[in-house]
Amino acid sequence: MGQKLTVLIVGASRGLGLALAEEYCGRDWQVIATVRRASEQLNALAVRFPGSLAIETVDINEAEQVLALRARLDQRRIDLLFVNAGICVARDNTPADVDVSDFTDLMITNALSPMRVVELFASLVSSQGAVAVMSSELGSITKNPGFWEIYSASKAALNMLMKCFAGRHSGDPRALLLIAPGWVRTEMGGSGASLSIEESIPGVVSAIERNLGRAGLRFIDNRGRTLPW
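The rules behind each value
Every chain is numbered independently, its residues counted from 1 as its sequence is written. Note on the predicted model: pLDDT of at least 70 is required for a residue's local features to be given, and 80 or more for side-chain atom pairs to be given and counted; whole-chain, interface and lining totals, by contrast, use all residues. As a rule here, side-chain values come from all non-hydrogen atoms in the structure, and water together with hydrogens is ignored. Remark: exposure states derive from per-residue accessible area (1.4 Å probe, protein chains only) relative to the maximum for the residue type, with buried under 20%, exposed over 50%, and partly exposed in between. Secondary structure elements follow DSSP: runs of H or I no shorter than four residues count as helices, runs of E no shorter than two count as strands, and numbering proceeds from the N terminus. Two strands are said to pair when DSSP picks up at least two bridges between them. Expected helix span is taken as 1.5 Å per residue step, with the number of steps being one fewer than the number of residues. In this description, contact between two residues means that some pair of their heavy atoms is separated by no more than 4.5 Å. What counts as a ring pair is set by centres within 6.5 Å for rings of Phe, Tyr and Trp (its six-membered ring), and what kind of pair is set by the plane angle: stacked under 30 degrees, edge-to-face over 60, tilted for all other angles.

Caption draft 1: Geometry of the pairing of strand β6 (residues 175-180). Of all the six residues making up β6, six are buried; the element is thus mostly covered by neighbouring parts of the structure. Residue alternation in β6 divides its side chains into two sets, Ala175, Leu177 and Ile179 and Leu176, Leu178 and Ala180, and both sets are buried. In this sheet, β6 lies alongside strand β5 (residues 125-134) in parallel orientation, the contact comprising five bridges. Bridging from a neighbouring strand, methionine 134 pairs with isoleucine 179 of β6.

As structure tokens, then:
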């Protein structure tokens, strides 16, 4: 039997991140999942998949904690780094009335912190692996319908930072992926969203698996279709 593939999921305590951890465990991957604080649901998943799921604690908005996790995982071989981080506040605000602290929190959590993880952990990912970051179609300048302005701006910033990372690593043999899972019914997406987690995440995982080892940056949806920037 060959060695299991390993995925590091950064942000797996609930919602899409938890569903990602469950999907990869079900596909017989070795999963390292991070949480900011203890997650009963993730702990229960570890009981269901003994030996397949390891849990690490880190707040990716705290640089020292990210560096400490990087040191703990220094000798691990990772086949997929999946950074799932995001908040959605100030949905109805415009630049005229948004609270500065809300804007700052969005930019740090949705753009800066995920890319800090990519910068620090990408070197652990194998040459035939992938680096994936959870984004949104609202991060597309051409596809954005003109709402959730401040949140959309944070996702557009994430996409641009990932483009810059790809530009600085033009010879990188790994897949670099921005993933738009669709509008999913989660705490962040709301009850009126068009997709359930079960309708989104298996497709996301399958799309990533098809892209493993395919060099270059792509912005894709949960069916693996290329999205416009």
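Anyway, onward from the coordinates.
Caption draft 2: A look at helix α5 (residues 149-168). Look at α5: 29 Å from first C-alpha to last across 20 residues, which is about the 28 Å you get at 1.5 Å a residue. In the core, the buried residues of α5 are packed alongside α4 (100-121), β5, β6 and β7 (216-221).

Caption draft 3: How the structure looks around unusual backbone geometry. Backbone geometry places aspartate 28, a non-glycine residue, at a positive phi of 65°. The residue aspartate 28 is located in the loop between α1 (15-26) and β2 (30-35) in this model. Of note in this structure, tryptophan 148 is not a glycine but carries a positive phi near 50°. Relative to the helices and strands, tryptophan 148 is located in the loop between β5 and α5.

Caption draft 4: Up close: the packing of aromatic side chains. Under the definition given, this model contains four aromatic pairs. When the ring of tryptophan 148 is compared with that of tyrosine 151, the centres are 5.8 Å apart and the planes differ by 85°; the resulting orientation is edge-to-face. Judged by centre distance (5.2 Å) and plane angle (40°), the rings of phenylalanine 219 and tryptophan 229 are tilted. Residue phenylalanine 219 is found in strand β7, and its partner tryptophan 229 is found in the segment after β7; the two are separated by 10 residues along the sequence. What makes phenylalanine 219 buried here is its relative accessible area of 1%. Linked through ring pairs, Phe147, Trp148 and Tyr151 together constitute an aromatic cluster.

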